[in-house]
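Examining the three-dimensional arrangement
The lines below spell out each chain.
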Amino acid sequence: MQDQLLRNAKRGERLEGVFLVESANFKQSKNGKHFIQLTLRDHSAAVKALRWEANREEFRGIERNPFLRISGRVEEYQGNIQVIIDDLEPVGADDARVDPADFLPRSRLDIDAMQKELDGIVASIADEGLRRIVLQVLDRPGLRESFRNAPAGKTMHHAYVGGLLEHVLSLAQLVDRVCDQYRWLDRSMLIAGVMLHDIAKTAELSYDTGFGYTDEGQLLGHIVLAAEWIREAARDLGDVEPETVLQLEHLVVSHHGKLEFGSPKKPMTAEAIAFHFIDNLDAKLAGFWQAYRESNPAPGDTRWGDTNFMLEVRPYFPRRLDGLSEDLLPPHLEGDAKGAPSRRGGNGASAPEKRPKPGDLPF
């Protein structure tokens, strides 16, 4: 890993090194000259870059290679850092002697610890049929490893390696709190929905050398894929109550809440309604925090962020946020210090508070 990080780039400095090409576009200026507009990334940040007086062959070289070895000048445009590239060499990962994973943003939390917590939550699903469906889906070839690494989104929220795990564990904690308030809700159904609603983002999104959409993701999407995987798991198991399978499928296909947001159906059961709002809350607040971190206002700067597509507003960032630590741990990883969170069965009865050990899990 090189020493110069994009996060630390300052106006007036020279920047040299190998960076991941997150996006690149070949354009023509008003005077007829061509240039390349890029977004370069390392694990610390993404920055805009420009290559003036470019040609089509140079752009094709960038298209064919995921990395770019550059030498350039750091400037500032409309309050944001950008790099003017003087020299460039498109390179592959082997030629550059880099690991592509080192260039992607990662969760600040320990992925092994999150995986262990997730396994315990799956084991806590009281309804045997739902638990078996979740395990059957998780046992798809290669899925567990993909689940560890996948982002929860391309750009909107939890858009980093391990982001899907973070999102799922946060939702599990919110489900427990909602079930404490509304004890007649079926926790097993909600937790199964937590585990499976975004599970097909492991197939929808590509995340080897940047975050993008696969052909399967573009043509079908994670909601359709997840519903297929659930039905396939139930068919393979053969003895899960059809009503249970149907309600789980409905929760998954309706979790975006509105047809225009990609859900083929609106939520129609109590659990589907609850889950839509829980999922929306976690995604929106994660998106708000991400927008605040990217804005990073200085003491004299405006407190207004840019208009945000997901939030559907121009967010305002109160000054109290400036003093918050970025290393605050979410509650799901504080179990070792505070004791494991409560687990509830589908009838609202409290389950034992003991956290399952890996050897106790039903897989």
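Residues numbered from 1 in each chain as written. Predicted model: local features only at pLDDT ≥ 70, side-chain atom pairs only at ≥ 80, totals over all residues. Heavy atoms only, no water.

Our focus in this paragraph is the overall build of the chain. Within the chain, the regular secondary structure consists of 13 helices and 7 strands. Looking at the chain as a whole, 49% of its 363 residues qualify as buried. When the accessible surface of the chain is split by element, carbon and sulfur atoms take 48% of a total near 19000 Å². (Helix = DSSP H or I, 4+ residues; strand = E, 2+ residues; numbered from the N terminus. Buried < 20%, exposed > 50% of the residue type's maximum accessible area, 1.4 Å probe, protein only. Areas by Shrake-Rupley, 256 points an atom, 1.4 Å probe, with all protein chains shown as cover.)

A complete count under the given rule lists 6 aromatic pairs for this structure. Measuring from centroid to centroid gives 5.2 Å for Phe35 and Trp52, while their planes differ by 45 degrees, and the two rings are tilted. Linking Phe35 in strand E2 (residues 34-41) with Trp52 in the loop between strand E3 (46-51) and helix H1 (56-64), this pair joins segments that are 17 residues apart in sequence. The buried category is assigned to Phe35, whose relative accessible area is 11%. For the ring pair Phe288 and Phe317, a centre distance of 5.3 Å and an interplane angle of 70 degrees mean the geometry is edge-to-face. In this pair, Phe288 is assigned in helix H12 (residues 270-295) and Phe317 in the loop between H12 and helix H13 (335-338), connecting sequence segments 29 residues apart. (Phe/Tyr/Trp six-rings, centres within 6.5 Å; stacked < 30°, edge-to-face > 60°.)

On to the sheet that holds strand E5 (residues 80-91). One closed barrel accounts for 5 strands, arranged E1-E2-E3-E5-E4; its pairing is mixed. On average, each strand axis in the sheet is tilted by 50 degrees relative to the strand beside it, whichever way the strands run. Where E3 lies against E5, 3 bridges are found, and the strand directions are parallel. Residue pairing for E5: Lys48 is matched across the bridge by Gln82. Along the sheet, H1 makes contact with strand E1 (14-28), E2, E3, strand E4 (67-77) and E5, crossing E1 at roughly 115 degrees. (Pairing = 2+ DSSP bridges. Axes fitted to C-alpha atoms, helices over the stretch in contact; angles between N-to-C directions. Contact = heavy atoms within 4.5 Å.)

On inspection of all chains with the given rule, the structure shows 19 salt bridges. Close ionic contact of Arg69 with Glu89 constitutes a salt bridge, the shortest N to O distance being 3.1 Å. With Arg69 in strand E4 and Glu89 in strand E5, this residue pair connects regions lying 20 residues apart in the sequence. Arg69 gets classed as partly exposed once you look at its relative accessible area, which sits at 32%. For Arg144, the salt bridge is made with Asp119, and the minimal N-O distance between the two is 3.7 Å. With a gap of 25 residues between them, Arg144 in helix H5 (residues 143-149) and Asp119 in helix H3 (residues 111-123) connect regions that are remote in the sequence. Here the residues in one salt-bridge network are Arg14, Arg73, Glu75 and Asp86, joined through shared partners. (Salt bridge = Lys/Arg side-chain N within 4 Å of Asp/Glu carboxyl O.)

Looking now at the pairing of E3. Across 6 bridges, the pairing between E2 and E3 is antiparallel. Note on E3: the bridge partner recorded for Gln37 is Leu50. Connecting E2 to the next strand, E3, in antiparallel fashion are 4 residues.

What follows covers the packing of helix H10 (residues 222-237) against helix H11 (residues 242-253). Put simply, H10 and H11 touch, their axes get as near as 9 Å, and they point 165 degrees apart. If you check the angle between H10 and H11, you find them roughly antiparallel. Relative to H11, H10 is oriented so that their crossing is right-handed. On H11, the residues touching Ile223, Ala226, Ala227, Ile230, Arg231 and Ala234 of H10 are Val245, Leu248, Glu249, Val252 and Val253. (Parallel < 35°, antiparallel > 145°, perpendicular 65-115°, else oblique. Left-handed = near helix turned anticlockwise from the far one by under 90°.)

Take the confidence of the model for the chain next. A residue-level look at the chain finds 85% of positions with pLDDT of 70 or above and a mean pLDDT of 82. Every residue in residues 332-363 is under pLDDT 50, and counting partners more than four places away or in other chains gives 63 contacts. (pLDDT = per-residue confidence, 0-100.)

Attention now goes to the side chain of Gln82. The residue Gln82 is located in strand E5 in this model. If sequence neighbours within four positions are ignored, Gln82 has contacts with Lys48, Leu50, Arg73, Val74, Glu75 and Tyr77.

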